[in-house]
Amino acid sequence: MPQPVSVSELVEFVDARYGACESVNELVGEILALLSAKSSKFKYIVNTTAVAVHERANNEIKSTFGSLWDEKNDGLLNFRYRAGDAQWILFNVIFVSIA
């Protein structure tokens, strides 16, 4: 089963909607609505991490994700979005087949 959306589609969507949303929570809701409209064959989880970049600080972030799923039908998409001069938002989109 192909993934319901590509990373490039998500990046384009976030780029178009980020400035119009009042909060990242609202943006996450809009991403979930987009995913639901793309395919009802999956359950979705969207996680964001905001990273403030400070000139003199060590901004290294390490994250680990583990899963036990059907690699042919389920998956994870990751991308980052520059949310200003000193901030990035890291997006994780998980999709799990319900078929």
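Before reading further, recall that the structure is shown in the block above.
What you see is a predicted model; the values in this text were computed from it and never measured.

**Considering the overall build of the protein chain**
Turning to step 1, where the next piece is worked out: Assigned secondary structure in the protein chain consists of two helices and three strands.
Turning to step 2, where the next piece is worked out: In sequence order, the secondary structure elements of the protein chain are arranged as α-α-β-β-β.
Turning to step 3, where the next piece is worked out: Referenced to the eigenvectors of the C-alpha coordinate spread, the extents of the protein chain come out at roughly 50 × 30 × 20 Å.
Turning to step 4, where the next piece is worked out: With 99 residues in all, the protein chain has 29% of them scored as buried.
Turning to step 5, where the next piece is worked out: By sequence separation, contacts in the protein chain at least 24 residues apart represent 61% of the contacts at least 6 residues apart.
Turning to step 6, where the next piece is worked out: Looking at the protein chain as shown, the accessible area adds up to about 6,700 Å², and 49% of this sits on carbon and sulfur atoms.
Turning to step 7, where the next piece is worked out: Positive and negative charge centroids in the protein chain, built from 9 and 12 side chains respectively, lie 4 Å apart.

**Concerning the nonpolar core**
Turning to step 1, where the next piece is worked out: Among the nonpolar cores identified, the biggest contains 21 residues, and L10, V14, I31, L35 and F91 are the most heavily contacted of them.
Turning to step 2, where the next piece is worked out: Only α1 (7-17), α2 (24-38), β1 (42-52), β2 (75-82) and β3 (87-97) provide two or more residues apiece to this core.
Turning to step 3, where the next piece is worked out: Of the residues forming this core, the biggest block, five residues, is contributed by α2.
Turning to step 4, where the next piece is worked out: Each residue touching L35, except ones within four places of it in the same chain, is listed here: V5, L10, Y44, V46 and V93.

**A few points about α1**
Turning to step 1, where the next piece is worked out: Every buried residue of α1 is listed here: L10, F13 and V14. For α1, the angular spread of buried residues about the axis comes to 95°, placing them on one side. With respect to the buried face of α1, the exposed residues turned more than 90 degrees away are E12, D15 and A16.
Turning to step 2, where the next piece is worked out: Buried residues in α1 make contact with α2, β2 and β3.

Cut-offs applied
Residues numbered from 1 in each chain as written. Predicted model: local features only at pLDDT ≥ 70, side-chain atom pairs only at ≥ 80, totals over all residues. Heavy atoms only, no water. Helix = DSSP H or I, 4+ residues; strand = E, 2+ residues; numbered from the N terminus. Buried < 20%, exposed > 50% of the residue type's maximum accessible area, 1.4 Å probe, protein only. Contact = heavy atoms within 4.5 Å. Areas by Shrake-Rupley, 256 points an atom, 1.4 Å probe, with all protein chains shown as cover. Lys, Arg positive; Asp, Glu negative; His and termini not counted. Charge placed at Lys NZ, Arg CZ, Asp CG, Glu CD. Core = buried A, V, L, I, M, F, W, Y, C linked by side-chain atoms within 4.5 Å. Arc of directions from axis to C-beta.

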